[in-house]
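Fold and contact review
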Amino acid sequence: MAMSLRSDAQTIISSAIQAVQPDAAVKRALQGREFPGRVVLAAAGKAAWQMAKAAQDCLGARLDQGVVVTKYGHVSGPIPGCACYEGGHPVPDENSFRGTQAVLDLVSGLTAGDTVIFLLSGGGSALFEQPLIPGEELQDVTSQLLSSGADIVEMNTIRKRLSAVKGGRFAQLCAPAQVFSIVLSDILGDPLDMIASGPACADQSTCAQAQAIAEKYHLNLTPQARELLDRETPKALDNVETRITGSVRELCTAAAQAARELGYEPVILTDLLCCQAREAGSFLASIACTHQGQGKKLAFLAGGETVVKLTGSGKGGRNQELALSAAQGIDGLVNVLVFSLGSDGTDGPTDAAGGIVDGQTAPRLRAQGLSIHQVLEDNDAYHALAKADGLIVTGPTGTNVNDVAVVLVAG
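Here is a short report on the structure shown in this document. (Residues numbered from 1 in each chain as written. Predicted model: local features only at pLDDT ≥ 70, side-chain atom pairs only at ≥ 80, totals over all residues. Heavy atoms only, no water.)

A look at the overall build of the chain
The following threshold applies: Elements are defined by DSSP. Helices are runs of H or I of four residues or more, strands are runs of E of two residues or more, and each kind is numbered from the N terminus. We compute the radius of gyration from the C-alpha atoms alone; for a globule the expected value is 2.2 Å times N to the 0.38, where N is the number of residues. Relative accessibility decides the category of a residue: with a 1.4 Å probe and only protein chains considered, values under 20% of the type maximum give buried, values over 50% give exposed, and everything between is partly exposed. Throughout, a residue-residue contact means that at least one pair of heavy atoms, one from each residue, lies within 4.5 Å. To be clear on the numbers: accessible area is Shrake-Rupley with a 1.4 Å probe, and residue cover counts the displayed protein chains and nothing else.
Within the chain, the secondary structure is distributed over 16 helices and twelve strands. Its C-alpha atoms give the chain a radius of gyration of 22 Å, near enough to 22 Å, the size a compact globule of 411 residues would have. Dimensions of the chain, computed from the C-alpha atoms along their principal axes, are close to 65 × 50 × 30 Å. Here the chain, with 411 residues, has 57% of them falling under the buried criterion. Nonlocal contacts in the chain, meaning residues at least 24 apart in sequence, comprise 81% of its contacts between residues at least 6 apart. Element-wise, carbon and sulfur atoms account for 51% of the exposed surface of the chain, whose accessible area totals about 15300 Å².

Given below as structure tokens:
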């Protein structure tokens, strides 16, 4: 891989991730606020530790106590006054349930003069969970949805009806205390009731929509789960104030600015990318083919969140699959690179944030006896990219605002 292109990609990745860190936004939301009574903090999601640390730095002794529930490996140290829990993602586990129970214990018995500062980020659907069905059953339903190709809105429409805390039910459990919610958005269009399944937001989805999704994906549900799909969620809440911070649009804008500073002419194609990962990879490769060889430095950017439909039993994530699919389309091209990564630093159930490929990725894999087409059918992008030096590994980033994919054309 051309080192100058790869170096440029790393610069763009670092700049974009840094620009969407939640610290400053959390502090801005809290500064100057007066909270009567007790102040407790609940933080859930992949960016929960970073957000809670920023809130504690701002509130100091004003904070009575707090609970943080985040993904394994995402706690970066102790936070004064806060108990930190790590749990399963994208499938909830017993540690997710234990951390959530600690939050529910924290907010029980509060008065109308008290405040719950609720810090929410993507991943909260799995990490912040108190299921109304057995935990093993919820894990099975989640796995069915993940493998079906359902998008995040469809998944959350189902999951919030199987939960005691989603779809506005957490805010009800906090009452009569007031909830001041700061939300880091990871869903296109920032629909509050869908981000982490909207624990503190009145639910806009309906039972009929949930039933239609269950039919669409032929979900195998028990009679108890089907009965819960018919149970309506809260449609109005009077004890919640919400601030949204961060979005995929900011991620794309920051990546474009970093590319511009490196001499590229950036074009943001969309910040609403929403299709199958391998289709997105093929599309971005076609853009590279059209514009390569013109003697210009160009950067094409697409933000959003693709999906993977499982056809095999390999290891990977949507960004790795996108990148590997693009590698097919740019096979043999020079001065072209494509990368895609999740802003949270983890792509699917892997330790990689995404994938990075160029015109030599496909030949390199062929030399090792690997067919990209077959690898994609096996959903095994992780192992193939590892063999082609094509994994992006950042570690947990402390933020979570969807994904960005970038095509770099150096001439």
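Concerning the nonpolar core
In a soluble, globular protein the nonpolar side chains are often hidden away together inside. For clarity, the cut-off: What is meant by a nonpolar core is a set of buried Ala, Val, Leu, Ile, Met, Phe, Trp, Tyr and Cys residues, joined one to another through side-chain atoms within 4.5 Å.
Within the largest apolar cluster, 52 residues are counted, with the highest numbers of intra-cluster contacts made by Leu30, Leu119, Phe339 and Leu408. Sort the elements by how many residues they give to this core and helix H11 (residues 248–261) lands first, with eight residues. Residues within four places of Leu119 in sequence aside, it is in contact with Leu41, Ala42, Ala43, Ala44, Met51, Ala52, Ala55 and Ile182. The next biggest cluster of nonpolar side chains, apart from the first, holds 36 residues, and it includes Ala352, Val375, Ala405 and Val407.

Observations regarding the layout of surface pockets
Test applied: Points on a 1 Å grid over protein atoms alone make up a cavity when a 1.4 Å probe fits among them but cannot get out, and a pocket when they form an open set with protein on both sides within 12 Å along at least five of seven lines; lining residues each have an atom within 4 Å of a point. Grid points are joined across faces, edges and corners, and a volume is the space filled by probe spheres set on the points. Each residue is assigned to one of three groups, with Ala, Val, Leu, Ile, Met, Phe, Trp, Tyr, Cys and Pro labelled nonpolar, Asp, Glu, Lys and Arg labelled charged, and all others, Gly among them, labelled polar.
Each pocket or cavity is described by its volume, and for the largest pocket that value is around 920 Å³. Of all the elements in the fold, those that place two or more residues in the lining of the largest pocket are helix H5 (124–127), helix H6 (135–148), helix H7 (152–159) and helix H13 (318–329). Considering only residue class, the lining of the largest pocket consists of 15 nonpolar, 20 polar and 13 charged.

Quick notes on the side chain of Thr70
Rules: Nitrogen and oxygen atoms within 3.5 Å of one another constitute a polar contact, given that in protein one can donate a hydrogen and the other can accept it, and given that sequence-neighbouring residues count only through two side-chain atoms.
Its place among the elements puts Thr70 in strand S2 (residues 65–71). A relative accessible area of 0% means that Thr70 is categorised as buried. A polar atom in the side chain of Thr70 sits 2.8 Å from the backbone oxygen of Gly45. Setting aside anything within four residues of it in sequence, one finds Thr70 in contact with Gly45, Lys46, Ala48, Val75, Tyr85, Glu86, Gly87 and Leu127.

As for the packing of aromatic side chains
Selection rule: Planes of paired rings set the category: under 30 degrees apart is stacked, over 60 is edge-to-face and the rest tilted, where pairs are Phe, Tyr or Trp rings (Trp by its six-membered ring) whose centres lie within 6.5 Å. In this analysis the charged atom, NZ for Lys or CZ for Arg, is taken to sit over a ring once it is within 6 Å of the ring centre and within 35 degrees of the ring normal.
Throughout the structure, instances matching the rule amount to four aromatic pairs. Each ring, one from Phe35 and one from Phe180, has its centre 5.9 Å from the other, and the planes form 50°; the classification is tilted. Of this pair, Phe35 sits in the loop between helix H2 (23–30) and strand S1 (39–44) while Phe180 sits in strand S5 (residues 178–184); the two residues are 145 residues apart in sequence, bridging distant segments of the chain. Here Phe35 and Phe180 have matching classes, each one buried. Consider the rings of Phe118 and Phe170, whose centres lie 4.8 Å apart with planes at 45°: the pair is tilted. Placement of the pair is Phe118 in strand S4 (residues 115–120) and Phe170 in helix H8 (residues 169–174), with a sequence separation of 52 residues. Classification of Phe170 as buried rests on a relative accessible area of 0%. For the cation-ring pair, Arg33 lies above Phe180, with the distance from its terminal atom to the ring centre recorded as 4.3 Å. The ring of Tyr382 has Lys315 lying over it, and the distance from NZ or CZ to the ring centre is 4.4 Å.

Remarks on the pattern of salt bridges
Our working rule: What makes a salt bridge here is a side-chain nitrogen of Lys or Arg within 4 Å of a carboxyl oxygen of Asp or Glu, nothing more.
Inspection of every chain in the model, using the stated rule, returns 21 salt bridges. For Asp203, the salt bridge is made with Arg161, and the minimal N-O distance between the two is 3.4 Å. Of this pair, Asp203 sits in the loop between S5 and helix H9 (207–216) while Arg161 sits in the loop between H7 and H8, and the two are 42 residues apart along the sequence. Residue Asp203 is classed as buried on the basis of its relative accessible area of 2%. A salt bridge links Glu241 to Arg243; the shortest N-O distance between them is 3.9 Å. Looking at Glu241, the relative accessible area reads 33%, which means it is partly exposed.

Topic: the sheet that holds strand S7 (residues 265–273)
Applicable threshold: Any two strands with at least two DSSP-identified bridges between them are counted as paired. Angular values range over 0 to 180 degrees, each being the angle between N-to-C directions of two axes fitted as lines to C-alpha atoms, with helices fitted over their stretch in contact.
Here we have six strands laid out as an open sheet, ordered S7-S8-S12-S9-S10-S11, and mixed in their pairing. Edge positions in the sheet fall to S7 and strand S11 (391–392), since each has one partner strand and no second. Bridge count for S7 against strand S8 (residues 298–304) is six bridges, and the pairing is parallel. Along S8, the bridge assignment pairs Leu273 with Gly304. Lying over the sheet, helix H1 (residues 3–19) contacts strand S9 (336–342), strand S10 (354–358), S11 and strand S12 (403–409), oriented at roughly 25° with respect to S9. Against the sheet, H11 touches S7, S8 and S12, its axis set at about 165° to S7.

Thoughts on the packing of H2 against helix H3 (residues 48–59)
Applied cut-off: Convention used here: angles under 35 degrees read as roughly parallel, angles over 145 as roughly antiparallel, angles from 65 to 115 as roughly perpendicular, and any remaining angle as oblique. The sense of a crossing depends on the near helix, which, turned anticlockwise from the far helix by less than a right angle, makes the crossing left-handed and, turned clockwise, makes it right-handed.
Relative to each other, H2 and H3 sit at 40°, their axes nearing to 9 Å. Comparing the axis directions of H2 and H3 gives the class oblique. You can see that H2 and H3 cross each other, and the crossing is right-handed. Across the interface between the two elements, Asp23, Val26, Lys27 and Leu30 of H2 pack against Gln50, Met51, Ala54, Ala55, Asp57, Cys58 and Leu59 of H3. Tallied by class, the residues present in the contact of H2 with H3 amount to seven nonpolar, one polar and three charged.

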